[in-house]
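In case you want the letters, here they are:
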Amino acid sequence: MFSEKLLLRLKHSSGLTVLTGAGISAESGVPTFRGKDGLWENRKVEELATINAFQKDPVQFWKFYNWRRNLLKDVKPNLGHYALVDLERIYPEFHLITQNVDGLHTTAGNKNVIELHGNIMRDKCSECGYLNTEINLELKEPPKCTKCDKLTRPDVVLFGENLNNSDLSKAQESSATCELFISIGTSSLVEPAASLPLSAKGNGAYLVEINPEDTPLTQFVDEQLKGKSSKILTQIVMILDRMR
Ligand code: NAD
Ligand code: ZN
């Protein structure tokens, strides 16, 4: 199932960088944004998760985010997340870049995680930037900042906003300098994350994609591992535990 080339890279690389998307959390029961899952009350997620929606209609915006938070409340990491904890143990230079906002990589036990799009289980004040982790899952109205009393929003990057510069630089650096790059469970449509695998490949990394479907990235990869992330990542860890 894995090529000789990939086995050699897995065995000898010191630097592994991984990019994950909503697909790695799908087997934990977290909906992805594609297909029928991409709708909430018949509205597109791309229209709800925007800075404009927050500013224009904070009540509706917060209804949507409170629903998403409640979906995540009892969710647990799956075997795919745990396999990435093993990979962090195995590789001396390991970087995990995620587009997910569910925090499941950290819950599973990964240490070196770059949360490119933030974390939905935290509030950030829209005025003073104060971060609050004591969130209320039974919201009656949009929450206010405990420091300055202005409206807060979830600490996620909304459509129409820029990524945190330092997170993006770290993600770009770890992509451009790794020997092996694995893209997992992302539709590879959202920039700038979608460019990270290409930058890795352009700088000499062996590029692997794990996804049950083809994506716009597939044509550029050195190796496509077509299937679910939990199964494939568990197999990779088993092989590595024998080899390294
Ligand atoms: P996406 O929803 O666009 O695509 C999900 C991808 O995962 C698809 O290509 C699909 O084929 C693949 N997939 C489905 N099941 C899989 C499995 N078991 N194993 C491996 N792959 C599987 O997700 P995206 O590319 O991450 O982009 C969506 C944006 O929405 C991101 O920016 C993210 O912040 C946000 N989002 C986050 C979460 C989360 O935190 N869990 C959930 C939904 C959306
Ligand atoms: Zn404030």
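Everything quoted here is computed from the prediction, not taken from an experiment.

(A) Region of interest: the site of ligand 1. Surveying the vicinity of ligand 1 reveals 25 residues, the closest of which are R34, Q99, D102, S187 and N211. Take V101: an N or O atom from its main chain is 2.8 Å from an oxygen atom of ligand 1. At a separation of 2.9 Å, a nitrogen atom of ligand 1 approaches a polar backbone atom of S229. In isolation ligand 1 offers 850 Å² of accessible surface; the protein chains occlude 91% of this area. With respect to the pocket detection grid, ligand 1 is positioned in the largest pocket. Taken together, the residues of the shell around ligand 1 break down into 7 nonpolar, 12 polar and 6 charged.

(B) Expanded view of the packing of helix 6 (residues 79–90) against helix 10 (residues 229–243). Where helix 6 meets helix 10, the axes come as close as 8 Å, and the angle between the chain directions of the two elements is 30 degrees. When the axis of helix 6 is compared with that of helix 10, the two are roughly parallel. Viewed along their axes, helix 6 and helix 10 form a crossing whose handedness is left-handed. Between helix 6, through L79, G80, A83, L84, D86, L87, R89 and I90, and helix 10, the contact on the second element is made entirely by S229, S230, L233, T234, I236, V237, L240 and D241. Grouping the constituent residues of the contact of helix 6 with helix 10 by class yields 9 nonpolar, 4 polar and 3 charged.

(C) Quick peek at the nonpolar core. In this structure, L87, Y91, L180 and I236 are the most contacted members of the largest nonpolar core, which totals 27 residues. Those elements that provide at least two residues to this core are helix 1 (4–12), strand 1 (15–20), helix 6, strand 4 (93–98), strand 9 (180–184), strand 10 (206–210) and helix 10. Counting residues per element, this core draws most heavily on helix 10, at 6 residues. If sequence neighbours within four positions are ignored, L180 has contacts with L6, R9, L10, S13, G15, L16, T17, Y91, A205, Y206 and V208.

(D) Molecular detail of the packing of aromatic side chains. By the definition in use, this model includes 5 aromatic pairs. Consider the rings of F61 and W62, whose centres lie 6.3 Å apart with planes at 85 degrees: the pair is edge-to-face. By relative accessible area, which is 2% here, F61 ends up buried. By relative accessible area, which is 2% here, W62 ends up buried. An aromatic cluster is built from F54, F61, W62, F64, Y65 and W67, whose rings are joined through pairwise contacts. The ring of Y130 carries the charged tip of K147 above its face, separated from the ring centre by 4.8 Å.

(E) Local environment of the layout of surface pockets. The space that makes up the largest pocket amounts to roughly 1200 Å³. Elements represented by at least two residues in the lining of the largest pocket include exactly helix 2 (23–26), strand 2 (39–40), helix 3 (45–48) and helix 5 (58–72). Of all the elements, helix 5 adds the most residues to the lining of the largest pocket, at 6 residues. Of the residues in the lining of the largest pocket, the class split is 24 nonpolar, 15 polar and 11 charged. Residues lining the lining of the largest pocket come from more than one domain, with at least three contributed by each of domain 1 (4–29 + 76–117 + 162–243) and domain 2 (35–74 + 124–156). The wall of the second largest pocket is formed by 14 residues, among which K124, D155, V156, V157 and N164 lie closest to the centre. Counting residues per element, the lining of the second largest pocket draws most heavily on strand 8 (residues 152–156), which supplies 3 residues.

(F) Up close: helix 8 (residues 165–176). Taking 1.5 Å per residue, 12 residues should reach 16 Å; helix 8 reaches 16 Å between its end C-alpha atoms and fits that length. As for helix 8, its buried residues are in contact with strand 1, strand 4, strand 5 (113–115), strand 9 and helix 9 (196–202). For helix 8, the N-terminal cap is N164; the gap from its side-chain oxygen to the backbone nitrogen of S166 is 2.9 Å.

Conventions adopted
Residues numbered from 1 in each chain as written. Chains lettered and ligands numbered in written order. Predicted model: local features only at pLDDT ≥ 70, side-chain atom pairs only at ≥ 80, totals over all residues. Heavy atoms only, no water. Near = heavy atom within 4 Å. Polar contact = N/O pair within 3.5 Å; in protein donor to acceptor, adjacent residues only side chain to side chain. Areas by Shrake-Rupley, 256 points an atom, 1.4 Å probe, with all protein chains shown as cover. 1 Å grid on protein atoms, 1.4 Å probe; cavity = no way out; pocket = protein on both sides within 12 Å on 5 of 7 lines; lining within 4 Å. Sits in = over half its atoms within 2 Å of the grid points. Nonpolar A, V, L, I, M, F, W, Y, C, P; charged D, E, K, R; others polar. Axes fitted to C-alpha atoms, helices over the stretch in contact; angles between N-to-C directions. Helix = DSSP H or I, 4+ residues; strand = E, 2+ residues; numbered from the N terminus. Parallel < 35°, antiparallel > 145°, perpendicular 65-115°, else oblique. Left-handed = near helix turned anticlockwise from the far one by under 90°. Contact = heavy atoms within 4.5 Å. Core = buried A, V, L, I, M, F, W, Y, C linked by side-chain atoms within 4.5 Å. Buried < 20%, exposed > 50% of the residue type's maximum accessible area, 1.4 Å probe, protein only. Phe/Tyr/Trp six-rings, centres within 6.5 Å; stacked < 30°, edge-to-face > 60°. Lys NZ or Arg CZ within 6 Å of the ring centre and 35° of its normal. Points joined across faces, edges and corners; volume = space filled by probe spheres on them. Domains from an automatic or database assignment. Expected span 1.5 Å × (residues − 1).

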